[in-house]
Amino acid sequence: MSSRYGLAFAIAVCMPLTAAAEPADDLAALHSQVGWGASINPDRVSLASEGGWNGGDRRAVVAATVEATVLPRVSVFASAQYGGALTNARPSLGVGYQLFDPRTSATGVRLTVAYKPEGFTEPEGEIESVVIASRMIRGDALRALFAYGQDPEGRESDAEVGASFLHRATPNMLIGLTSRFRHAIKVKTTMEPRWDFIAGAIGSVVRGSSRVELLLGIDSIAYTTPAHTGAVGLLSVSTDL
């Protein structure tokens, strides 16, 4: 499966060589979504899709998100994800607040709170809070992620940290590294992972407000000892309207 994604990405890389590419904006690195999600609120509306192979679970994974800014600094979003560690398709509804905007501040900080049911027909789920800090350095972007989630009864909870660096290699191409680690503080059953980790390299082609991104790396997940580790490949297509 990874080879097909590599071919698609190679085609996308060649596109700017055969047609005039619309210049990307100055915050192109912060609009990267693959393996990470949104780092800043959209100007108006953003659409993102992602799919690939989760090596730790040896399963395919797909996800889609739509987000819209409804007030200055405030956005709402809805998403759905299936595969990987999830046995059911899982929706998510949330609100984002841009505490510090990287368009006007040296450091950006985005807060989100989302409710994530266990499935479309199962209202029980978790409330997850995420803080993403970002800093631009001459077109490059440093990002840090901190997250905490738990169910309303407090029987399940987990925490997550992440770090990412993206370098603007050309006006329309980004390369970089990313990693995320999640640890389960409380779990109800042995069917739920104790921890999981993903790390890899990112390549991104940007044309105007649209992006095609590829993440290749490794993924580990532990339900019991030992953990399962494998190759991960994710392809993301996103755009801002």
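Residues numbered from 1 in each chain as written. Predicted model: local features only at pLDDT ≥ 70, side-chain atom pairs only at ≥ 80, totals over all residues. Heavy atoms only, no water.

Asks: Honestly, a nonpolar patch on the surface in this entry has me stumped. Any pointers?
Replies: Taken together, the side chains of Y97, L99, F100, L111, V131, F146, V161 and F181 present a nonpolar region at the surface, about 650 Å² in accessible area. Topologically, F181 is positioned in strand β9 (residues 173-186). (Patch = residues over 30% accessible without salt bridge, like charges linked within 9 Å, V, L, I, M, F, W, Y side chains within 5 Å. Areas by Shrake-Rupley, 256 points an atom, 1.4 Å probe, with all protein chains shown as cover. Salt bridge = Lys/Arg side-chain N within 4 Å of Asp/Glu carboxyl O. Helix = DSSP H or I, 4+ residues; strand = E, 2+ residues; numbered from the N terminus.)

Asks: Teacher, can you tell me more about the pattern of salt bridges here?
Replies: Any two side chains of opposite charge can pair, so long as their charged atoms come close to each other. Evaluation of the coordinates by the stated rule reveals ten salt bridges. The salt bridge involving E67 is made with R110; its shortest N-O contact spans 2.8 Å. You can see E67 sitting in strand β2 (residues 59-71) and its partner R110 sitting in strand β5 (residues 107-119), a full 43 residues away along the chain. The partner of E153 in a salt bridge is R155, and the shortest N-O contact between them spans 4.0 Å. Since its relative accessible area comes to 43%, R155 is described here as partly exposed. Taken together, the shared-partner salt bridges connect D43, D101 and R103 into one network. (Buried < 20%, exposed > 50% of the residue type's maximum accessible area, 1.4 Å probe, protein only.)

Asks: Hey, could you run me through the nonpolar core in this one?
Replies: Nonpolar side chains in soluble globular proteins tend to end up buried together. Counting residues in hydrophobic clusters, the biggest one holds 17 residues, and the most contacted among them are L30, L215 and L234. Of all the secondary structure elements, the ones that give two or more residues to this core are β10 (195-207) and β12 (228-240). In terms of residue count, β10 provides more of this core than any other element does, three residues in total. When near neighbours in sequence (up to four residues on either side) are disregarded, L30 contacts S39, I40, P102, S134, M136, A141 and R143. (Core = buried A, V, L, I, M, F, W, Y, C linked by side-chain atoms within 4.5 Å. Contact = heavy atoms within 4.5 Å.)

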